[in-house]
Amino acid sequence: MRVKAAKHTNKKSIIEWRSHEPLRLETFSDAVFAFAVTLIIVSLEVPKSFAELFETMKGTISFAACFTILFLIWNSQNLFFRRYGLNDTWTAALNGMLLFVVLIFAYPLKFLFGLLFSFSDATYTTNGKAHSMITEIQIPELMLIYGAGYTIIYLLFYLMYSNARRQAHELKLNARELYETQTIAYINLICACIGITTIILAWLLPLNYSGLSGFFYFMIPLAYFFWFSYRGKKSKKKFEVSGQQAS
């Protein structure tokens with residue numbers, strides 16, 4: 001599964017794969033990610049009526065959003081291990097911290113998307129009474145919790161790629177692979193900075209506008225586009241020129 005997913009995502013990768021079979025560390029990781037998916041599942045019980053079925057199906061969109069984010073994190077971790085095959089103490093520690101954060105933030109992630117896709121009816125029912133899912137004063141705290149999880153995850157990926165970069169000699173990374181490793185490391189750092197900025201905005205904006213800080217996450221695709229465009233042009237110029245000189 002890991003190898004097939006990585007092949008599909010990594011068809012034109014500059015970094016040669018140094019691992020083709022999952023390590024025990026990855027097998028454990030898969031179990032943790034599977035448990036995280038269980039935590040965000042729409043419902044563990046079969047609906048007993050159409051009304052219950054309808055209420056359950058209303059959570060499908062939020063579940064799909066949560067599942068997509070977890071899959072992207074899993075796939076990023078998968079590609080890292082396929083590229084470098086590292087199993088050293090520091091990699092194991094960073095991966096363990098990553099899995100811990102994924103588990104801790106499964107419920108906040110589910111709550112956030114449940115809130116976003118509840119549209120105007122942001123309530124839950126207990127003993128026949130409707131209650132608000134969140135108050136206005138709690139919104140900055142929610143953005144802080146989500147932003148902290150997002151930031152930590154990308155900081156951990158940055159540290160993992162930085163660790164691979166430090167072991168370039170042992171991994172026998174060529175100049176272009178090292179350049180690509182640095183590129184990926186820094187895009188993770190940029191994403192972490194976006195998370196930090198979102199947290200700051202959530203606290204600085206007036207209370208009734210603090211939720212708008214979440215729109216800053218739309219900077220992520222722009223950051224990917226401009227960063228990889230810049231690094232791609234620089235790489236083409238650097239390695240094509242050096243290749244021509246060598247020939």
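Points about the packing of helix α5 (residues 89-104) against helix α6 (residues 106-116)
Viewed as axis vectors pointing N to C, α5 and α6 meet at an angle of 40°, and their least axial separation amounts to 4 Å. With respect to α6, the element α5 is oriented oblique. Across from V102, L103 and I104 in α5, the residues of α6 making contact are A106, Y107 and P108. Among the residues making up the contact of α5 with α6, the classes are represented as six nonpolar, no polar and no charged.

Brief notes about the nonpolar core
If you look at the biggest cluster of nonpolar residues, it comprises 50 residues, and the most contacted ones within it are I73, F80 and Y84. Examining the composition of this core, we find that eleven residues originate from one element, helix α7 (residues 139-166), more than from any other. Ignoring anything within four residues of it in the chain, the contact list for F80 reads G85, L86, T91, M160, Y161 and A164.

Here's the deal with the environment of G149
On the secondary structure map, G149 appears in helix α7. C-alpha of G149 to C-alpha of F105: the two residues are 44 residues apart in sequence and 6.4 Å apart in space. Apart from residues no more than four positions distant in its own chain, G149 is found in contact with V101 and F105.

Cut-offs used in this document
Residue positions are given per chain, counting from 1 as you read along its sequence in written order. Given that this is a predicted model, residues contribute local features only at a pLDDT of at least 70 and side-chain atom pairs are listed and counted only at 80 or more, while totals for whole chains, interfaces and linings are drawn from all residues. Excluded from the side-chain calculation are hydrogens and water; included are all heavy atoms of the structure. In this description, a line fitted to the C-alpha atoms serves as the axis of each element, helices being fitted only across the stretch in contact, and the angle between N-to-C directions of two axes falls anywhere from 0 to 180 degrees. Under the scheme used here, helices are H or I runs from DSSP no shorter than 4 residues and strands are E runs no shorter than 2 residues, and both carry numbers assigned from the N terminus. Each angle is binned into one of four classes, with values under 35 degrees roughly parallel, values over 145 roughly antiparallel, values of 65 to 115 roughly perpendicular, and all other values oblique. Throughout, a residue-residue contact means that at least one pair of heavy atoms, one from each residue, lies within 4.5 Å. All amino acids are sorted into three groups, where Ala, Val, Leu, Ile, Met, Phe, Trp, Tyr, Cys and Pro are nonpolar, Asp, Glu, Lys and Arg are charged, and the leftover types, Gly among them, are polar. The criterion is simple. A nonpolar core is a set of buried Ala, Val, Leu, Ile, Met, Phe, Trp, Tyr and Cys residues joined through side-chain atoms within 4.5 Å. Classification of residues uses two cut-offs on accessible area relative to the type maximum, computed with a 1.4 Å probe and protein chains only: under 20% is buried, over 50% is exposed, and between them is partly exposed.

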